[in-house]
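# Topology and contacts: notes
Okay, here's what each chain looks like letter by letter:
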Amino acid sequence: MITDFSISNYRCFSNLSISGLSQVNLVVGKNGSGKSALLEGIWLSKSIFPAVTCTDVLRIRDELPEEGASESDLLSSYKSLYLAEGHFLVSCLDDGNFYENKVEFSMLPVRGRISIYCWDNDGNSEIDIPSILAERDYVVAGIFEPIFIPCSGFNKKALSSYWDRISLTDLEDDVTEVVKLIRPDGRRIAFIGRHPVVQIPGRGPVPMARLGDGVLRAFGIAVAIANSSNQPLFIDEIETGIHYTAMGDLWRSVFHLASKLNVQVFATTHSWDCIKAFGEVAQTYSGTSAQLIRMERDEDDAIRAVQYDRDSLVAATSQGIEVR
Amino acid sequence: MKSRVLLVEGADDKGVSVAFLQRSTLEVYVEDGHGYEKLRAGLGAQLLVSGRTHLGVVVDADADPAGRWRSIADAVVKYGYVLPVEPDAGGTVVPSPARGLPVLGLWLMPDNSTDGMLEHFVSAMIPGDDVLWPRACAVVSGLSGEARPFPEVHRVKAEIHTWLAWQKEPGRPMGQAITKKFLEGTAPGAASFQAWLGRLFA
């Protein structure tokens, strides 16, 4: 489990260190306070292929230029990941092991043409960005890469790939249980082409999308957790599409599965209902470490992280004390 | 954004605190903590509220002022606040230990040293020549057996509420009794509390 994390010169962060991270971490804060950027940073710190992860980060935020853009436009997009010119640095301590990635983008002439290169921490690693772009037209993490669920959710290709990996295993049962929590009349789940479908007795197979946003979203989260054994998992705006009454069930599923499969969860939210349910469920699952982190800008506009341990989180959510 | 907050144990504490704050130009939100246990449990989260610059806490010393003081000290030490070994006689004010954390003020009713509660503080504000107070206390003293269901430790509550029931506007809560001047705002204990509020929230 990642316990400590440090970030320098990435997006809005000049320098930030956080220690004592938990198994389930919920990040809150005003817009622009670095919630999503924090998740990206932790993702990058453990990435074996930072150039690929940077590409995924930019794609998720729709920050990659259109096809056919010049190489200098492409370079600018990648350089927008720095706060100031130079490089960024992300590092973490995971089960006592230190991981660090120093990432710098440059334009270099190679074999007569200009290419964008990413240097990562292994010193000698230089990866050609345009060739990564050509390969990855969708964001699907490799077997040992952490999954990042953006606000908009998975695209169909990614969701069905992740389902395929767990289909007909015990993990499929775990995921089905989660869907049944939100939709008790559901039975088995299958994919028809790229579309998830739920068996509803009396109605036959019903496209999950027709059961409302919440079911599909919870399904996506469950599938992601099932694919993240012994890994971190990043979920941006976890409350998206989930009705406030289903928030408790969602968190119970997250805590239960994360604990069972040893998944470390980092999520962000804006929603008080989501935070309140998180506090209530965290209190029940006392064997699983959990915390709330508020990102905020201080008087000098630097970003700091304010951490709430379980007791103060539970008191805040039960007494309605604002944590955002 | 509630940058200046005073946390108190209950509705009467809130009324009294509001009455004192109204005599100043200080802008402070007073929050009812719904009892000491809840207040203490939420104290950490109250310290961490974004944008909070000043947090005051008013709690009853009850029967064990030293124990109550230690209890509060334990609740705030993890955030970097080091309280003095004993409360300051005029009310304690502790500076912010780190960026983003508020100045912290503490007042143990009635006077930061003796056993007691809000009602002792308020009874000290009854004018010395008041004719009703001795009669209220005598009536309460005269109760016994079935006519005395309240515990001895709460006798002063019975006395104060009896006295309030007989005022020109009968039955007004303590806070309003201060605003309507049935109670002497200039009594020494009251002046000390007023001064503490000024020191904390200025």
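Definitions and cut-offs
- Residues numbered from 1 in each chain as written.
- Chains lettered and ligands numbered in written order.
- Predicted model: local features only at pLDDT ≥ 70, side-chain atom pairs only at ≥ 80, totals over all residues.
- Heavy atoms only, no water.
- Helix = DSSP H or I, 4+ residues; strand = E, 2+ residues; numbered from the N terminus.
- Rg over C-alpha atoms; globule rule 2.2 N^0.38 Å.
- Buried < 20%, exposed > 50% of the residue type's maximum accessible area, 1.4 Å probe, protein only.
- Contact = heavy atoms within 4.5 Å.
- Areas by Shrake-Rupley, 256 points an atom, 1.4 Å probe, with all protein chains shown as cover.
- Lys, Arg positive; Asp, Glu negative; His and termini not counted.
- Charge placed at Lys NZ, Arg CZ, Asp CG, Glu CD.
- Arc of directions from axis to C-beta.
- Core = buried A, V, L, I, M, F, W, Y, C linked by side-chain atoms within 4.5 Å.
- Pairing = 2+ DSSP bridges.
- Axes fitted to C-alpha atoms, helices over the stretch in contact; angles between N-to-C directions.
- Parallel < 35°, antiparallel > 145°, perpendicular 65-115°, else oblique.
- Left-handed = near helix turned anticlockwise from the far one by under 90°.
- Nonpolar A, V, L, I, M, F, W, Y, C, P; charged D, E, K, R; others polar.
- Phe/Tyr/Trp six-rings, centres within 6.5 Å; stacked < 30°, edge-to-face > 60°.
- Buried area = accessible area lost by both parts, 1.4 Å probe.
- Salt bridge = Lys/Arg side-chain N within 4 Å of Asp/Glu carboxyl O.
- Polar contact = N/O pair within 3.5 Å; in protein donor to acceptor, adjacent residues only side chain to side chain.

As a further point, take the overall build of chain A. A count of helices and strands for chain A gives ten helices and 15 strands. The C-alpha atoms of chain A give 20 Å as radius of gyration, which agrees with the globular expectation for 324 residues (20 Å, within 12%). When the backbone C-alpha atoms are referred to their principal axes, chain A occupies close to 65 × 50 × 35 Å. Counting every position in chain A, which comprises 324 residues, the buried fraction comes to 53%. Expressed as a percentage of contacts within chain A between residues at least 6 apart in sequence, the contacts between residues at least 24 apart total 62%. Surface summary for chain A: the accessible area is close to 14000 Å², and the carbon and sulfur share equals 48%. Distance from the positive charge centre (30 side chains) to the negative charge centre (43 side chains) of chain A: 6 Å.

What follows concerns helix 5 (residues 132-141) of chain B. All names here are of chain B. Those residues of helix 5 not exposed but buried are W133, A136, C137 and V140. Angular distribution of buried residues about the axis of helix 5 spans 95°; they occupy a single face of the element. Of the surrounding elements, those touching the buried residues of helix 5 are helix 4 (118-123) and helix 6 (155-165).

This part takes up the nonpolar core. Of all hydrophobic cores here, the largest spans 87 residues; its most connected members are L26, F219, I238 and W251 of chain A together with L83 and L104 of chain B. Here this core takes nine residues from helix 7 (residues 213-226) of chain A, the largest share from any one element. Beyond its immediate stretch of four places on either side in the chain, L26 of chain A contacts I238, W251, A267, T268, T269, I275, F278, Q291, L292 and I293 of chain A. The next biggest cluster of nonpolar side chains, apart from the first, holds 39 residues, and it includes V52, C54, F148 and M295 of chain A.

Here we take up the sheet that holds strand 8 (residues 147-149) of chain A. The strands making up a sheet associate through hydrogen bonds between their backbones, and the pairing can be parallel or antiparallel. All names here are of chain A. Read across the open sheet, the six strands follow the order 8-12-13-3-14-15; overall the sheet is mixed. Both edges of this open sheet fall to strand 8 and strand 15 (303-308), since each of them pairs with a single strand only. Neighbour to neighbour, the strand axes of the sheet diverge by 20° on average, direction disregarded. In the sheet, strand 8 pairs with strand 12 (residues 232-235) via three bridges, with the strands oriented parallel. Considered in strand 12, the bridge of I147 is made with L233.

With that out of the way, let us pick up the packing of helix 8 (residues 247-261) of chain A against helix 9 (residues 272-284) of chain A. Residues and elements named next belong to chain A. Across the interface, helix 8 lies against helix 9 with an axial gap of 9 Å and an inter-helix angle of 50°. Here helix 9 runs oblique to helix 8, going by the angle between their axes. The two elements helix 8 and helix 9 meet at a crossing, and its hand is right-handed. Across from M247, G248, W251, R252 and F255 in helix 8, the residues of helix 9 making contact are D273, C274, A277, F278, V281 and A282. Looking at the contact of helix 8 with helix 9 residue by residue, the classes come out as eight nonpolar, one polar and two charged.

Turning our eyes to something else, we now look at the sheet that holds strand 5 (residues 103-109) of chain B. Residue and element names in this part refer to chain B. Strands sit in the order 2-1-3-5-4 across an open sheet of five strands; the sheet is mixed. Edge strands, defined here as strands with exactly one partner in the open sheet, are strand 2 (29-32) and strand 4 (92-94). Averaged over all pairs of adjacent strands, the angle between strand axes in this sheet comes to 20°, irrespective of strand direction. Note: strand 3 (residues 54-60) against strand 5, seven bridges, orientation parallel. Counterpart to V59 in the pairing with strand 5 is L108.

With that out of the way, let us pick up the pairing of strand 2 of chain B. Across four bridges, the pairing between strand 1 (residues 4-8) of chain B and strand 2 of chain B is parallel. Among the inter-strand pairings, V8 of chain B is bridged to a residue of strand 2 of chain B, identified as D32 of chain B.

All names here are of chain A. With the rule as written, the count across this model stands at 22 aromatic pairs over all chains. A ring pair is formed by W43 and F234, whose centres lie 6.5 Å apart and whose planes are at 40°; its orientation type is tilted. One end of the pair, W43, is in helix 1 (residues 35-45); the other, F234, is in strand 12, and 191 residues separate them in sequence. Classification of W43 as buried rests on a relative accessible area of 4%. Ring centres of W251 and F278 lie 4.7 Å apart, and the angle between their planes is 55°; this geometry places the pair in the tilted category. In this pair, W251 sits in helix 8 while F278 sits in helix 9, placing the two residues 27 residues apart along the sequence. Overall, F278 belongs to the buried group, its relative accessible area being 0%.

To continue, consider the interface of chain A and chain B. Across the boundary between the two partners, chain A contributes 18 residues, which contact twelve residues of chain B. Summed over both sides, the interface of chain A with chain B buries roughly 1200 Å², with 48% coming from carbon and sulfur. Along the contact surface separating chain A from chain B lie four salt bridges. D309 of chain A is paired through a salt bridge with K78 of chain B; the nearest N and O atoms lie 2.8 Å apart. Across the chain A-chain B interface, the total number found is eight residue pairs in polar contact (both at pLDDT 80 or more). Among the elements of the structure, strand 14 (290-297), strand 15 and helix 10 (310-319) of chain A are those that each provide at least two residues to the side of chain A that touches chain B. In terms of residue class, the side of chain A that touches chain B is made up of five nonpolar, three polar and ten charged.

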